[in-house]
Amino acid sequence: MSCSLIFLLTDATPFSRAIVGASAQGNLPLDHVGILDNDTQTVIEANAKEGVVETPLADFLARAPQLDGDAGYRIRNIPPEAEVDGEAALRRARSFLGYAYNVCFVPHAGALYCSELVQRACLKSDGEPYFSSIRLNFGSDDPVASDFWQQHFKQLDMPVPQGEPGTSPLSIYQQTEDPQSCLRLEKGKR
């Protein structure tokens, strides 16, 4: 069974813009990712309000931004040759249910952010993460994003973890299969 991931595009809130600003370079403004369970029509995700939860797909898609001519989400697969067992990835993701949301964006026991959950759940057959880390950039060119991060880490009373290894929805997206070969949600299931 392949592993399917579902991504949401930015909704343009300051938090969403900050996530996009800290991401790897690219022109697709993704701010969230979860692991899609096609059998149960649920998404295992780490969201800022609830932590790591299993969300009905319809509820997850209801949060997709309403964009002209765009569904506001993308689905991608981990390539079969990557040797990532989709069922094992779902079991690992579910083992994190109840974890808090990682507001520090650096490794923190008992807490995960969305793309960190995906990285920790999607392991190759040798036990190593399929998704490689990037250097996070909290000093975005977007002044709204940059100001958000400065205030965020000040409130946490911690230094900005500029350049620390991490992941982002965009970095995960860039390491998955071309969308032309991915699953498509049927219209009307949204």
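These figures come from a predicted structure and were not determined experimentally.

What follows is about helix α3 (residues 86-95). For α3, the set of buried residues is G86, A88, A89, L90 and A93. Residues of α3 that are buried in the fold lie against β2 (30-37), β3 (42-47), β4 (51-56) and α4 (114-121). With a side-chain oxygen lying 2.9 Å from the backbone nitrogen of E87, the N-terminal cap of α3 falls on D85.

Right, let's get into the sheet that holds strand β5 (residues 73-77). Spatially, the 5 strands line up as an open sheet ordered β4-β3-β2-β1-β5, and their pairing is antiparallel. Only two strands of the sheet have a single partner each, and these edge strands are β4 and β5. The average angle at which neighbouring strand axes cross in this sheet is 30 degrees, direction not considered. Here strand β1 (residues 4-9) runs beside β2; their pairing, made up of 6 bridges, is antiparallel.

Okay, the layout of surface pockets next. By volume, the largest pocket is sized at about 520 Å³. Taken together, 29 residues line the largest pocket, and the ones lying closest to its centre are F15, D31, H32, N47 and A48. Elements with a contribution of two residues or more to the lining of the largest pocket: β1, α1 (14-21), β2, β3 and α4. Broken down by element, the lining of the largest pocket gets its largest block of residues, 3 residues, from α1. The residue makeup of the lining of the largest pocket, split by class, is 16 nonpolar, 8 polar and 5 charged.

Our focus in this paragraph is the nonpolar core. L5, I35, I78 and C122 are the most contacted members of the largest nonpolar core, which totals 41 residues. Mapped by element, the contributors of at least two residues to this core are β1, α1, β2, β3, α3, α4, α5 (143-155) and α6 (169-173). Considering every element that reaches this core, the biggest residue donor is α4, with 4 residues. The residues contacting I78, other than those within four sequence positions of it, are S2, C3, L5, V84, C122, Y130 and F131. Within the second largest apolar cluster, 10 residues are counted, among which are I6, L57, F60 and L61.

Right, let's talk about α1 for a bit. Turning to α1, its buried residues number three or more, namely S16, A18, I19 and G21. Each element contacted by the buried residues of α1 is listed here: β2, α5 and α6.

Definitions and limits used
Residues numbered from 1 in each chain as written. Predicted model: local features only at pLDDT ≥ 70, side-chain atom pairs only at ≥ 80, totals over all residues. Heavy atoms only, no water. Buried < 20%, exposed > 50% of the residue type's maximum accessible area, 1.4 Å probe, protein only. Helix = DSSP H or I, 4+ residues; strand = E, 2+ residues; numbered from the N terminus. Contact = heavy atoms within 4.5 Å. Polar contact = N/O pair within 3.5 Å; in protein donor to acceptor, adjacent residues only side chain to side chain. Pairing = 2+ DSSP bridges. Axes fitted to C-alpha atoms, helices over the stretch in contact; angles between N-to-C directions. 1 Å grid on protein atoms, 1.4 Å probe; cavity = no way out; pocket = protein on both sides within 12 Å on 5 of 7 lines; lining within 4 Å. Points joined across faces, edges and corners; volume = space filled by probe spheres on them. Nonpolar A, V, L, I, M, F, W, Y, C, P; charged D, E, K, R; others polar. Core = buried A, V, L, I, M, F, W, Y, C linked by side-chain atoms within 4.5 Å.

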